[in-house]
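One-letter residues, chain by chain:
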Amino acid sequence: YSSKDLHGAEYIDSYVFNEVEDIRFNSTVGKYVGYTEHGVKNAETWNKGSELAQELGELERYCKHNAAIYYSNVLDKTGEQG
């Protein structure tokens, strides 16, 4: 995100095995995307199931909630000493 209102916030959840990204959920895209043969199969399954609904809620539930806390605790104090 680039402003205090968190308008441009983005949630990304990546699944990596042996240093290779198999699958990724991106809140901007709104679905899972597979990058390997195994990842593509999982993405197709997960996009049809309850996993997708859970991930879609994470931007609001986790990211924006915690970003607002961090912003008020850290970014608002930039330049202060002590």
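Residues numbered from 1 in each chain as written. Predicted model: local features only at pLDDT ≥ 70, side-chain atom pairs only at ≥ 80, totals over all residues. Heavy atoms only, no water.

- As annotated in an unreviewed UniProt entry, the protein carries the name MHC class II antigen beta and comes from Salvelinus alpinus.

Brief notes about the overall build of the protein
Next up, step 1: Scanning the protein from N- to C-terminus turns up two helices and three strands.
Next up, step 2: Listed by position from the N terminus, the elements making up the protein come as β-β-β-α-α.
Next up, step 3: Within the protein, the proportion of its 82 residues that are buried is 26%.
Next up, step 4: Expressed as a percentage of contacts within the protein between residues at least 6 apart in sequence, the contacts between residues at least 24 apart total 28%.
Next up, step 5: Accessible area for the protein stands at about 6,100 Å²; split by element, carbon and sulfur atoms hold 51% of it. (Helix = DSSP H or I, 4+ residues; strand = E, 2+ residues; numbered from the N terminus. Buried < 20%, exposed > 50% of the residue type's maximum accessible area, 1.4 Å probe, protein only. Contact = heavy atoms within 4.5 Å. Areas by Shrake-Rupley, 256 points an atom, 1.4 Å probe, with all protein chains shown as cover.)

So, the nonpolar core
Next up, step 1: Core analysis: the biggest nonpolar cluster contains 10 residues, these being Ala9, Tyr11, Ile23, Phe25, Tyr32, Ala43, Trp46, Leu52, Leu59 and Cys63.
Next up, step 2: Of all the secondary-structure elements, those providing two or more residues to this core are strand 2 (20-26), helix 1 (37-48) and helix 2 (50-73).
Next up, step 3: Among the elements that make up this core, the one with the highest residue count is helix 2 (three residues).
Next up, step 4: When sequence neighbours within four positions are dropped, the list of residues in contact with Ile23 reads Asp13, Ser14, Tyr15, Tyr32, Val33, Gly34, Tyr35, Gly39, Asn42, Ala43 and Trp46. (Core = buried A, V, L, I, M, F, W, Y, C linked by side-chain atoms within 4.5 Å.)

Focus on the pattern of salt bridges
Next up, step 1: Scanning the entire structure with this criterion turns up two salt bridges.
Next up, step 2: For Glu21, the salt bridge is made with Arg24, and the minimal N-O distance between the two is 2.8 Å.
Next up, step 3: Overall, the relative accessible area of 23% leaves Glu21 in the partly exposed class.
Next up, step 4: Glu37 is the partner of Lys41 in a salt bridge, and the nearest nitrogen-oxygen pair spans 3.7 Å. In this pair, Lys41 and Glu37 both sit in helix 1, four residues apart, roughly one turn of the helix. (Salt bridge = Lys/Arg side-chain N within 4 Å of Asp/Glu carboxyl O.)

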